[in-house]
Amino acid sequence: MAFRPLHDRVLVRRIEEDTKTAGGIIIPDTAKEKPSEGEIVSAGAGAKAEDGKVTPLDVKAGDRVLFGKWSGTEVTVDGEELIIMKESDILGIIEAPKKSKKKAA
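A brief structural summary. Predicted model, so just to flag it, every value in this text is computed and none were measured.

Relative to the helices and strands, Met-85 resides in strand E7 (residues 80–86). Judged by its relative accessible area of 3%, Met-85 falls in the buried class. Sequence separation of Met-85 and Val-10 is 75 residues, and the distance between their C-alpha atoms is 5.6 Å. Leaving out residues up to four positions away in the same chain, Met-85 has contacts with Asp-8, Arg-9, Val-10, Val-12, Phe-67, Ser-71, Gly-72 and Ile-90.

Moving on, we get to the side chain of Glu-87. Counting through the fold element by element, Glu-87 comes out in the loop between E7 and strand E8 (90–94). In contact with Glu-87, other than residues within four places in its own chain, are Asp-8, Leu-57, Asp-58 and Val-59.

Where a strand is regular, its side chains alternate between the two sheet faces. Where strand E1 (residues 9–14) meets E7, four bridges bridge the pair, whose relative direction is antiparallel. Across the sheet, the residue bridging to Val-10 is Met-85, located in E7. As defined by bridge partners, strand E6 (residues 73–77) adjoins E7 across five bridges and the pair is classed as antiparallel. Residue Val-77 lies in a different strand from E7, and its bridge partner there is Glu-80. The turn linking E6 back onto E7 is made up of two residues, and Asp-78 within it adopts a positive phi angle of 55°.

Quick look at the nonpolar core now. Val-10, Val-12, Ile-40, Leu-57, Val-59, Val-65, Phe-67, Ile-83, Met-85 and Ile-90 together form the largest nonpolar core, which totals ten residues. Broken down by secondary-structure element, the contributors of at least two residues to this core are E1, strand E5 (64–67) and E7. Apart from residues no more than four positions distant in its own chain, Ile-90 is found in contact with Val-10, Ile-40, Val-59, Val-65, Leu-66, Phe-67 and Met-85.

Cut-off values and rules
- Numbering of residues starts from 1 in every chain and runs along the sequence as written.
- Predicted model: local features are reported for residues with pLDDT of at least 70 only, side-chain atom pairs are reported and counted for 80 or more only, and whole-chain, interface and lining totals are derived from all residues.
- Side-chain calculation: all heavy atoms of the structure are included, whereas hydrogens and water are not.
- A run of DSSP states H or I qualifies as a helix once it reaches four residues; a run of E qualifies as a strand once it reaches two. Both are numbered from the N-terminal end.
- Here the term buried applies to any residue with accessible area under 20% of the maximum for its type, exposed to any over 50%, and partly exposed to those in between, with areas from a 1.4 Å probe on protein chains only.
- Contacts were defined at the residue level, with two residues in contact if any of their heavy atoms lie within 4.5 Å.
- Paired strands, in this sense, are two strands between which DSSP finds at least two bridges.
- Each nonpolar core is a collection of buried residues, namely Ala, Val, Leu, Ile, Met, Phe, Trp, Tyr and Cys, held together in the definition by side-chain atoms within 4.5 Å.

Next comes the structure, spelled out in C-alpha cells:
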C-alpha cells in the first residue's frame, strides 16, 4: 500500500538507538525510551495559506530529523509502525558532517 501524507504532514520511521551505552552497559528493553530521531518516509505537498498558495515543506523523503517525545500519531502501514506528524512537530534536520577536501601542497 502506498501512503502519501496531505498538506503539511510527514510520515516518519523511527531510527532505533544503540542498546549499549558508551561504557558498554546494555540497556534493557524496559528501561529504553522511544527514540525521538527518525527518517522521513514521505511528505505532503505543503501548507496551504488562506489565499490558496501552497508553501512547500522544508523536509523531504530521506531526511533524518529530531522530533518531540509526544509528537505525531502512530500508524501501521504495510505492517511497519510509522508516525504521522505535522512539519511543525519536527525540531530540526540532522545533517551528515561534510567531508573536508584537503588540497595537495
